[in-house]
Amino acid sequence: MNNEDSYIPFIGLEIHIELKTKSKMFCQCSANYFAKAPNSHVCPVCLGMPGALPVPNKQAFEWTMLVGKALNCTINGTSKFDRKHYFYPDLAKGYQISQYDEPFAVNGKVRMQKAEYGIQRVHLEEDTGKLTHSGENTLIDFNRSGVPLVEIVTEPDFHNSDEVKRFLEELQVIIRYLGVSNADMEKGSMRLEPNISLKVKSQKSSFDALRMILSKAEVSKVKSDELPKYKVEIKNINSFKFVKQAIEYEIIRQAEILRKGETPKQETRGFSESKQATYSQRSKEYAHDYRYFPEPDIPPMRFSKQEIEKIAEKVPELPSQKVQRYTEQLKIKLQDALIISKSRATAEYFDAVVKLMPQNAQNVANLIIHKRIKTDVPPEEFAKTARELSTPILTDMTILSEKIIQVIQSNPKVVEDYKSGKHNAIMYLVGLLMREMKGKADAKTVRQELEKAIKT
Amino acid sequence: MSIFGKSIVELIRLVQEKEISRKELFDYFKRRITKYNPNLNAFLTLAEYQEDTNHGELLGIPLAIKDNFCTKGIRTTASSKVLDNFIPPYESTVTQKLLNQGASILGKTNMDAWAHGNSTETSDYGPTKNPWNTDRSPGGSSGGSAAAISAYLSPAAIGSETAGSIRQPASWCGTVGIKPTYGRVSRYGVIAMGSSLDSPGPLTLTVEDAAFLLKVLAGNDPYDATSSDIPVQDYPSIMTQKKKFTIGFSDEYFDGVNEEIKAKIMEALDVFRRLGHKTKKIKLIPPKYAISVYTILQRAEVSSNLARYDGIRFGNDRRSFGEEAKRRLMFGAYTLSYGYYDAYYKKAQKVRTLIVEDFKRVFSEVDVIVAPTCPITALKLGEFKKYPFFGEIMDVLNEPGAVAGLPAINIPVGLDSVNLPIGLQIMGNYFDEGSILNLAHQFEKETEFFGIIKKGLEKYKDE
Amino acid sequence: MKRTLPKEEIKHLGNLSGISLTDEETKTYQKQLSETLDYMENINELPTANTPPTSNVSNLENVFFHDGGENKRGLTQNEALSNTKQKKDGKFLVKRIL
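Residues numbered from 1 in each chain as written. Chains lettered and ligands numbered in written order. Predicted model: local features only at pLDDT ≥ 70, side-chain atom pairs only at ≥ 80, totals over all residues.

- Per an unreviewed UniProt entry, the recorded name for chain C is Asp-tRNA(Asn)/Glu-tRNA(Gln) amidotransferase GatCAB subunit C.

Here's what the structure looks like:
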């Protein structure tokens, strides 16, 4: 075993986003299928009945292009659907209508703080039915069949599991910002399949395969070589936490195989949550011949520059752009900027309030984050309340001095505790005083005066 | 008052004038079916009489429907054991339109299984016999529909054509049959064979009936993304306009054609000339290339369209596929498979472009093209096995037009020496069904098709 | 150019098509498919270097429906399941997929 050899992981992601259109992708059945009676949201089209034909949902392709734009892709002016053939009980027609060589969007990138990740393509396809297993049988519900799915494929630009998790979280927020999907891992409206391979990095300096962070210089040196010649896909991952576990497990598993001088098998593996490990799937592993050909039932699509521009206009300021603006222009803390930008509604509310009180961005951020003021009121009201809070309360020192004497005399034990080192004991007394002062006192001042009084 | 041999237009008048009721008409054909169908095997499934509340233009006219149209509540098999027990829970657009106009459905007619063929002999329910000579095939794949009207078991029928499946059985059974422009009639509810080729259309005993039915069937359908939004012409009125055409005919379309057929086509051209039309020799890409283009594209689409039959949601599983279906499934898979797609499928699509452009060029010189419909007349049952890809070879003269998506109509123009009908086809430009119906009607008025249709019905007269 | 598809190819095509073939059938189809393929070679006689492929003879483009329109084709659970005997709890039933 050569301890000098070390491995650089190359990780790519395939993400599926279920669009929250009202109708399905190719028919008018409701796309809101979750938890409905089985096979009650179906029609001849999504059931794949003889003679049924698909007609595409316009909203679905507009939203797909919106996603493409938000990921900085080039939107293709012409596009089409293709048939992808394979047999599986949840695939009603024996083929899935998807996109092969003319996807809606290509060559994008997502910039996150200091890193940049390539997006190979964004395309539109239809979802399959759902299988459940019951004893010796498999049961099929086609309510989900035909729901629109956007598929996002990244370049293998990730080199550790943390990067992947951060990216997925960012992507989830972007998708939610666009309002095109709930992107909910638990409900299946966001699904992911990472693919992982390792490249041998032969360098004189040692590299700990378990250390997940690479320096930029090391990465670019490796990238200029060829990518690894095999790829392992992992399916059946239901949360960001599990993606991280699966990737970390795979990196170790593949490194062990490589150390033996062998190449990991190119395959699709499943992930076991209980074992926190990936496993080989027993199904036949021959390369699928999907026999793609252009979908003859659906004429091609063509969009003008103006139409594409119109769709691009609908992309709002995205989370990373907000974070940049908040930290650079509004000068609020990065941590706070990240929290506020997590929800478009919150961020836009913040923007509205800050517009009214531009000098107080950090303060507004604090108030929102710590929930000091409710955000279900109009921004003007929030601003007014914020202003009131920040105005120091004038404390009547005469009354305060009287009350301090009263409180000290009535609580000798607490004063003793405080004097003997239990400094937190003072908070009880501050609380009493605040009540006595009926809010007409500034908490800071009260504490200061109390401490002074006790010391004397 | 005799019903026998009357056209749809005539029958509608009888019903309108209350000389016969809708139900009496239905029962009349039912009786004839009971008498003749056991021998001819034109119908696979018979429907019950339904009262009509629509009172549309079709006033209860009974029609025979090819068994690849999904008819709600009525067994639909595409003549394959795979769908032996399939009862569609929905109606095809074509049959819905007919029902909306008050038509009655008499039953579902036999066809080549999955429309794979030209003789109705690949049906899993036995072949249909040609009413002209029951040792012979009626052609296919709409053989049941053609035979049904040729023996007057129905006054008209609905069929479908991918390449030849309306024209060729119409030719072999001596009837009128029109294949509309691809996209003129909705495919929603038609069990798919070749998605970029399938065209539903009527088979009738008169050109007027074809014009009339086509007008009912044609039009844009929001459930079929390939259906055209070009407005539907008023075919019955265009049909009777005084028009003169420049008629093209091509030597390439006479190559390999039976001498007797050639002779009848040439005689028909004389008739056209007599009527004042110009005829012009044109050059077209030899049809043999279209056989390859068609075979590759159609079988590829077939292999894909039949992928949904897994026996889970409906029908029986794939072990019930017949020989011809299996052959086409595998051939189609081959031409789409990795490494072969460019050489076959993509190349065929390119040659398709050449064919489309070839016709475009020709239609700038002529208005319509006339040719034989089929190189031979009806074959004896069983002979089709001699040919490796029988269906496609038999349709050589129909495939170029079909691949390009053009409309065409078959009319009977003679009988051969063994009294089998000879058909002539008139091909038109895109969405110019009006012209081909018009010219066909002029021929019909002038010749009454030489009494061919009447002669064919003789054997099946009411006693 | 006469060429015969190898038996393995036929078996593979059978797999891709979801049909199982006996040895007898494999032999027969091998002959028939090869014959048909031979004929197909004639498309190579026509030059298509600069010809674009036609997938669609109609000149239609951008055909779609508007999201949220009325659904006139919905089936009830009974209708959806009406053509099979293999069903349970409102779902279609098959032998367990591994």
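**A few points about the overall build of chain B**
Logical step 1: A tally of regular secondary structure across chain B gives 15 helices and eleven strands.
Logical step 2: Rg of the C-alpha trace for chain B: 20 Å, near the compact-globule value of 23 Å for 463 residues, within the 12% margin.
Logical step 3: With respect to the three principal axes, the spread of C-alpha positions in chain B is 60 × 60 × 45 Å.
Logical step 4: When burial is assessed residue by residue, chain B has 66% of its 463 residues classed as buried. (Helix = DSSP H or I, 4+ residues; strand = E, 2+ residues; numbered from the N terminus. Rg over C-alpha atoms; globule rule 2.2 N^0.38 Å. Buried ≥ 20, exposed ≤ 12 C-beta atoms within 10 Å, placed from the backbone.)

**As for the environment of A:L139**
Logical step 1: Here A:L139 is to be found in strand β9 (residues 137-141).
Logical step 2: Residue classification places A:L139 among the buried positions, given that 22 C-beta atoms sit within 10 Å.
Logical step 3: For the pair A:L139 and A:D90, spaced 49 residues apart in sequence, the C-alpha to C-alpha distance is 9.3 Å.
Logical step 4: Excluding residues within four positions of it along the chain, A:L139 makes contact with A:T132, A:S134, C:K88, C:D89, C:K91, C:F92 and C:L93. (Contact = placed C-beta atoms within 7 Å.)

**A look at the interface of chain C and chain A**
A common way to express how large an interface is: the accessible area buried when the components associate.
Logical step 1: Contacts between chain C and chain A engage 34 residues on the former and 37 residues on the latter.
Logical step 2: Of all the secondary structure elements, the ones that give two or more residues to the side of chain C that touches chain A are α3 (77-81) and β2 (91-95) of chain C.
Logical step 3: Ranked by residue count, the leading element in the side of chain C that touches chain A is β2(C), at five residues.
Logical step 4: Across four bridges, β9(A) lies against β2(C) in antiparallel orientation. Each bridged residue has a counterpart across the sheet, and for A:L139 the counterpart in β2(C) is C:L93. (Pairing = 2+ DSSP bridges.)

**Re the interface of chain C and chain B**
Logical step 1: Each side of the interface is counted separately: chain C has 36 residues, and chain B has 46 residues.
Logical step 2: Mapped by element, the contributors of at least two residues to the side of chain C that touches chain B are α1 (7-16), α2 (23-40) and β2 of chain C.
Logical step 3: If you tally residues by element for the side of chain C that touches chain B, the top one is α2(C), at seven residues.
Logical step 4: Of the residues that constitute the side of chain C that touches chain B, the class distribution is 18 nonpolar, 15 polar and three charged. (Nonpolar A, V, L, I, M, F, W, Y, C, P; charged D, E, K, R; others polar.)

**Here's the deal with the environment of A:S197**
Residue and element names in this part refer to chain A.
Logical step 1: Locating S197 in the fold gives a position in strand β11 (residues 190-202).
Logical step 2: Overall, the presence of 24 C-beta atoms within 10 Å leaves S197 in the buried class.
Logical step 3: Once the C-alpha coordinates of S197 and C43 are considered, the two residues, 154 residues apart in sequence, prove to be 42 Å apart.
Logical step 4: Not counting the four nearest positions on each side in its chain, S197 is found in contact with F10, P228, Y230, K231 and V232.

**Looking at the packing of helix α13 (residues 425-436) of chain A against helix α14 (residues 443-455) of chain A**
All names here are of chain A.
Logical step 1: With their axes 10 Å apart at the nearest point, α13 and α14 run at an angle of 120° to one another. Our classification of the angle between α13 and α14 gives oblique. The hand of the α13/α14 crossing is right-handed. On the side of α13, the interface is formed by I426, L429, V430, L433 and M434, while α14 contributes A443, V446, R447, L450 and E451.
Logical step 2: For the contact of α13 with α14, a count of residues per class yields eight nonpolar, no polar and two charged. (Axes fitted to C-alpha atoms, helices over the stretch in contact; angles between N-to-C directions. Parallel < 35°, antiparallel > 145°, perpendicular 65-115°, else oblique. Left-handed = near helix turned anticlockwise from the far one by under 90°.)

**Some details on the sheet that holds strand β15 (residues 293-294) of chain A**
Residues and elements named next belong to chain A.
Logical step 1: With antiparallel pairing, three strands are arranged side by side in an open sheet as β5-β4-β15. Strand pairing shows two members of the sheet lacking a second neighbour, β5 (95-98) and β15, which therefore form its edges.
Logical step 2: Inspection of the sheet shows strand β4 (residues 82-85) paired to β5 by four bridges, in the antiparallel sense. Directly across from H85, in β5, lies its bridge partner Y95.

**Looking at helix α6 (residues 319-328) of chain A**
All names here are of chain A.
Logical step 1: All buried positions along α6 are accounted for by P319, K322, V323 and Y326. All buried residues of α6 project into a common sector of 100° when viewed along the axis, lining one side. Counted as exposed and oriented over 90 degrees from the buried face of α6: Q321 and E328.
Logical step 2: On its buried side, α6 packs onto α2 (161-178), α7 (334-341) and α8 (344-356). (Arc of directions from axis to C-beta.)

**Describing the pairing of β9(A)**
Walk down a regular strand and you will see the side chains alternate between the two sheet faces.
Residue and element names in this part refer to chain A.
Logical step 1: Taking burial as the measure, the five residues of β9 include four buried ones, the bulk of the element.
Logical step 2: Where strand β8 (residues 130-134) meets β9, five bridges bridge the pair, whose relative direction is antiparallel. Residue H133 lies in a different strand from β9, and its bridge partner there is T138.
Logical step 3: Taking the residues between adjacent antiparallel strands as the criterion, β8 and β9 are bridged by two residues, where G135 takes a positive phi near 60°.

**Details of unusual backbone geometry**
Residues and elements named next belong to chain B.
Logical step 1: Omega for the bond connecting G140 with S141 falls within 30 degrees of zero, at 5°, which places this linkage in the cis form.
Logical step 2: Checked against the element boundaries, S141 lands in the loop between β3 (104-109) and α4 (143-150).
Logical step 3: The backbone of K18 sits at a positive phi, close to 60°, despite the residue not being glycine.
Logical step 4: Along the chain, K18 falls in the loop between α1 (8-16) and α2 (22-40).
Logical step 5: The backbone of T120 shows a phi angle near 65°, a positive value even though the residue is not glycine.
Logical step 6: Within the secondary structure, T120 sits in the loop between β3 and α4.
Logical step 7: Assessed through the 36 C-beta atoms surrounding it within 10 Å, T120 is described here as buried.

**Quick look at the packing of helix α1 (residues 58-70) of chain A against α2(A)**
All names here are of chain A.
Logical step 1: It is the contact of α1 with α2, at a shortest axis distance of 10 Å, that shows an interaxial angle of 135°. One finds that α1 runs oblique with respect to α2. Judged by the twist between their axes, the crossing of α1 over α2 is right-handed. Counted together, L66, V67 and A70 of α1 and I174, I175 and L178 of α2 form the full contact between these two elements.
Logical step 2: Among the residues making up the contact of α1 with α2, the classes are represented as six nonpolar, no polar and no charged.

**So, the sheet that holds strand β8 (residues 278-282) of chain B**
Residue and element names in this part refer to chain B.
Logical step 1: A sheet is described by the order of its strands in space; here eleven strands give the open sequence β1-β3-β2-β4-β6-β5-β10-β11-β9-β7-β8, paired in mixed fashion. Unpaired on one side and paired on the other, β1 (43-46) and β8 mark the two borders of the sheet. Averaged over all pairs of adjacent strands, the angle between their axes in this sheet comes to 30°, without regard to strand direction.
Logical step 2: As defined by bridge partners, strand β4 (residues 156-161) adjoins strand β6 (residues 199-204) across six bridges and the pair is classed as antiparallel. Its bridge partner being in β6, A156 is matched across the sheet by T204.
Logical step 3: Docked against the sheet, α4 engages β1, β2 (62-66), β3, β4, β5 (176-179) and β6, running at close to 155° with respect to β4.

**Some points on the confidence of the model for chain C**
All names here are of chain C.
Logical step 1: Per-residue confidence for chain C gives a mean pLDDT of 92; residues scoring 70 or more make up 97%.
Logical step 2: Model confidence for chain C, summarised as mean pLDDT per element, is weakest for α2 at 92 and strongest for α3 at 97.
Logical step 3: Among the scores for the predicted complex, ipTM is 0.96 and pTM is 0.90. (pLDDT = per-residue confidence, 0-100.)

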